[in-house]
Amino acid sequence: MTRILYTTRATATGGRDGAARTDDGAFEVSLAAPKELGGNGQGNNPEQLFAAGYAACFLSALKFVGSQGQFAQVPSNASVSATVGIGPRDDKGFGLTVSLEISLPGLELGKAEALVAEADTVCPYSHAVQRNIPVRLRVSVSE
């Protein structure tokens, strides 16, 4: 990377049962492990935060790619839903899985799939997890 356009910093305390906030105070969240991982589920968890960030970033990548003129324009009612799973890895520790459900109502399926494939190469989240986390992309064009 040759030049950084934006940086942010967040600090977590207490781990999965604690809190996190950005240094500028614009974002603050109480954290709690989900019940499925032995917690009380009375807060947000890192997987929820990752899902929200990935979904938003991928939709922005779709809009960027669509604005470049080589691919279909992104409909105004487009959406991306990210499902993030966590579980034990075969070697040790825990791993993540991701499924992105991309809704591009009204687009021809082939054009929508080409747009999604290009967005997957542009999105920094997709780039960061490439070859590290299995990511499934599902495209829907029905309204």
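Residues numbered from 1 in each chain as written. Predicted model: local features only at pLDDT ≥ 70, side-chain atom pairs only at ≥ 80, totals over all residues. Heavy atoms only, no water.

So what exactly am I meant to see when it comes to a nonpolar patch on the surface here?
Among the surface-exposed residues, Leu37, Ile86 and Phe94 lie close enough to one another that they form a single nonpolar patch of about 260 Å² accessible area. Inspection of the secondary structure puts Ile86 in strand E4 (residues 79–88). Residue classification places Ile86 among the partly exposed residues on the basis of a relative accessible area of 31%. (Patch = residues over 30% accessible without salt bridge, like charges linked within 9 Å, V, L, I, M, F, W, Y side chains within 5 Å. Areas by Shrake-Rupley, 256 points an atom, 1.4 Å probe, with all protein chains shown as cover. Salt bridge = Lys/Arg side-chain N within 4 Å of Asp/Glu carboxyl O. Helix = DSSP H or I, 4+ residues; strand = E, 2+ residues; numbered from the N terminus. Buried < 20%, exposed > 50% of the residue type's maximum accessible area, 1.4 Å probe, protein only.)

Please clarify how the side chain of Ser126 should be interpreted in this entry.
Looking at where Ser126 falls in the secondary structure, it is placed in helix H3 (residues 124–129). Of the residues examined, Ser126 reaches a relative accessible area of 6% and is grouped as buried. For Ser126, the residues in contact, after removing those within four places along its chain, are Tyr54, Phe58 and Asp120. (Contact = heavy atoms within 4.5 Å.)

Any chance you could explain the pattern of salt bridges here in plain terms?
If charged atoms from side chains of opposite charge come close, those side chains can pair. For the structure shown, the criterion picks out five salt bridges. The salt bridge partner of Glu28 is Arg21, with a shortest N-O separation of 3.7 Å. In this structure, Asp91 engages Arg89 in a salt bridge whose closest nitrogen and oxygen atoms are separated by 2.8 Å. Overall, Asp91 belongs to the exposed group, its relative accessible area being 60%. By relative accessible area, Arg89 is classed as partly exposed at 39%.

What am I meant to see in the domain arrangement of the protein here?
In many reports, interface size means the accessible area that the parts give up when they come together. Looking at the assigned domains, one finds that the protein contains domain 1 (1–44) and domain 2 (46–140). Once you take the C-alpha centre of each, domain 1 and domain 2 turn out to be 21 Å apart. Listed by partner, the interface residues are seven residues for domain 1 and five residues for domain 2. Roughly 520 Å² is buried in total at the junction of domain 1 and domain 2, and carbon and sulfur atoms are behind 64% of that figure. Three residues stand out in domain 1 for area buried against domain 2, namely Arg16, Leu37 and Asn44, and they jointly supply 71% of the buried area on that side. A salt bridge links Arg16 to Glu47, with the shortest nitrogen-to-oxygen separation between them at 2.6 Å. At the surface where domain 1 touches domain 2, the tally comes to two residue pairs in polar contact (both at pLDDT 80 or more). (Domains from an automatic or database assignment. Buried area = accessible area lost by both parts, 1.4 Å probe. Polar contact = N/O pair within 3.5 Å; in protein donor to acceptor, adjacent residues only side chain to side chain.)

Explanation requested: the packing of aromatic side chains in the structure shown.
How two aromatic rings sit relative to each other is given by the distance of their centres and the angle of their planes. On inspection of all chains with the given rule, the structure shows three aromatic pairs. What links up through ring pairs into an aromatic cluster is the set Phe50, Tyr54 and Tyr125. (Phe/Tyr/Trp six-rings, centres within 6.5 Å; stacked < 30°, edge-to-face > 60°.)

Whenever I open this one, the state of the cysteines confuses me. Can you help?
In protein structure, a disulfide is the covalent linkage between the sulfur atoms of two cysteines. This model, assessed by the stated rule, comprises zero disulfides. No disulfide involves Cys57; its nearest neighbouring cysteine sulfur is the one of Cys123, lying 3.5 Å away. Taking relative accessible area as the criterion, Cys123 reaches 0% and is therefore assigned buried. (Disulfide = S-S within 2.5 Å.)

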